[in-house]
Amino acid sequence: LIHRHHHTVSQKQRPQIMPLTIDQRNQDMICIVDGQLVPRSEATVPVWDAGFLHGKQIWSSPRLVRGRIFRFPDHLRKIQHGIRAICGGTSNV
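Residues numbered from 1 in each chain as written. Predicted model: local features only at pLDDT ≥ 70, side-chain atom pairs only at ≥ 80, totals over all residues. Heavy atoms only, no water.

Caption draft 1: Layout of the pattern of salt bridges. As enumerated under the stated definition, the model contains 2 salt bridges in all. The salt bridge involving Asp74 is made with Arg71; its shortest N-O contact spans 2.7 Å. What makes Asp74 partly exposed here is its relative accessible area of 32%. Asp74 is the partner of Arg77 in a salt bridge, and the nearest nitrogen-oxygen pair spans 2.4 Å. Of this pair, Arg77 and Asp74 both sit in helix α2 (residues 72–86), separated by 3 residues, roughly a single helical turn. (Salt bridge = Lys/Arg side-chain N within 4 Å of Asp/Glu carboxyl O. Buried < 20%, exposed > 50% of the residue type's maximum accessible area, 1.4 Å probe, protein only. Helix = DSSP H or I, 4+ residues; strand = E, 2+ residues; numbered from the N terminus.)

Function-wise, these values are silent; they only describe arrangement.
Now the structure itself:
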């Protein structure tokens with residue numbers, strides 16, 4: 001969970017803008033978009049996508065150990081739980 005601290009900002013204060021930094025370890029990341037594997041640089045989401053508009057998404061970043069997904073059954077259960085939560089328990093995953 002991410003906890004955000006809420007506080008009142010006076011009109012004289014401006015929020016600090018943090019520079020965008022890209023983690024070089026993620027340059028060769030492969031993404032799944034509409035069931036297709038695509039390089040990170042080509043991964044896009046349409047602006048009218050329901051998940052984009054309404055925040056319905058499942059984020060998963062499994063760890064590979066010796067070329068295999070670490071604790072794959074646990075990882076898969078986590079994804080399935082997220083899908084059921086988004087679909088209101090109606091999805092047969």
